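One-letter residues, chain by chain:
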Amino acid sequence: MKCPFCQHPENRVLESRSAEAGQSIRRRRECLKCKRRFTTYERIEFVSITVLKRDGRRESFDRSKLLRGIVRACEKTGIPQLRLEVIVDEVESLIQQRSLREVTSNEIGEMVLQKLKSLSEVAYVRFASVYRKFQGIRDFVETLDQLQNNGDKIDNQENAADFSPNLEQSAEDSELQETEPSMMARS
Ligand SMILES: [Zn+2]
């Protein structure tokens, strides 16, 4: 790094210390030519990620936008907000680790679906319906089929209650109510 006073390229480090709550390292340097001192900061570089959208537009990766989409899909599923933020962290770090700095919105969507799959069927289908732009009931059916054929066990407890009423049982009950008055009349 060149000296800011005389542009000489060589200097020596007098002192290094952690700064900005550990987010950076502050170095006090002395120019080997003019002996003047200056300070440099070293930080981790977060490379910005470009998202290639379905319609061909490009925009920079937006954490809060992704989180909003996931929160919406998970409404009333009882999954804590913190867990959803972890999903965003995981997806972001997956993208950061790749050599390409461009990711398609499709790839992001599939990454999120992989995470939601083990958390909630409802959230999975809701998220898929938005990002895959479902056109009709057929799309829902196909997605549900994919879920079922996947072999991954999904926690079904919250959905089980919806399907528990026994239709045959309630039919018998109403039959019984109808026959009762005639039996009473006979006796
Ligand atoms: Zn200098």
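Predicted, not measured: the structure shown is a model, and the values here were computed from it.

(A) Structural context of the pairing of strand 3 (residues 37-43). Sparse coverage of strand 3 is indicated by the burial of 0 of its 7 residues. Two elements, strand 2 (residues 24-31) and strand 3, share 7 bridges in a ladder whose sense is antiparallel. Bridged to R27 within strand 3 is T40. In textbook terms, the turn of a hairpin is the stretch between consecutive antiparallel strands, and for strand 2 and strand 3 this stretch comprises 5 residues, one of which, K35, has a positive phi near 70°.

(B) Representation of the packing of helix 1 (residues 63-73) against helix 4 (residues 121-131). Where helix 1 contacts helix 4, the axes come no closer than 8 Å and their chain directions differ by 130°. When the interaxial angle is binned, helix 1 and helix 4 end up oblique. In terms of crossing hand, the pair formed by helix 1 and helix 4 is right-handed. Residues G69, I70 and A73 of helix 1 pack against A123, R126, F127 and V130 of helix 4. Each residue belonging to the contact of helix 1 with helix 4 can be placed in one class, and the counts come to 5 nonpolar, 1 polar and 1 charged.

(C) Main features of the environment of L119. Turning to its location among the elements, L119 is positioned in the loop between helix 3 (105-117) and helix 4. With 42 residues separating them in the primary sequence, L119 and T77 have C-alpha atoms 9.2 Å apart.

(D) Quick peek at the sheet that holds strand 4 (residues 50-52). Strand order in the open sheet formed by 3 strands is 5-4-6, and the pairing between neighbours is mixed. This sheet does not close on itself; its edge strands, each paired only once, are strand 5 (58-60) and strand 6 (102-104). Averaged over all adjacent pairs, the angle separating strand axes in this sheet is 35°, with direction ignored. With 3 bridges connecting them, strand 4 and strand 5 associate as antiparallel partners. The partner of L52 across the bridge, within strand 5, is R58. Contacting strand 4 and strand 6, helix 3 runs over the sheet at an angle of about 70° to strand 6.

What counts, and where the lines are drawn
Residues numbered from 1 in each chain as written. Predicted model: local features only at pLDDT ≥ 70, side-chain atom pairs only at ≥ 80, totals over all residues. Buried ≥ 20, exposed ≤ 12 C-beta atoms within 10 Å, placed from the backbone. Helix = DSSP H or I, 4+ residues; strand = E, 2+ residues; numbered from the N terminus. Pairing = 2+ DSSP bridges. Axes fitted to C-alpha atoms, helices over the stretch in contact; angles between N-to-C directions. Parallel < 35°, antiparallel > 145°, perpendicular 65-115°, else oblique. Left-handed = near helix turned anticlockwise from the far one by under 90°. Contact = placed C-beta atoms within 7 Å. Nonpolar A, V, L, I, M, F, W, Y, C, P; charged D, E, K, R; others polar.

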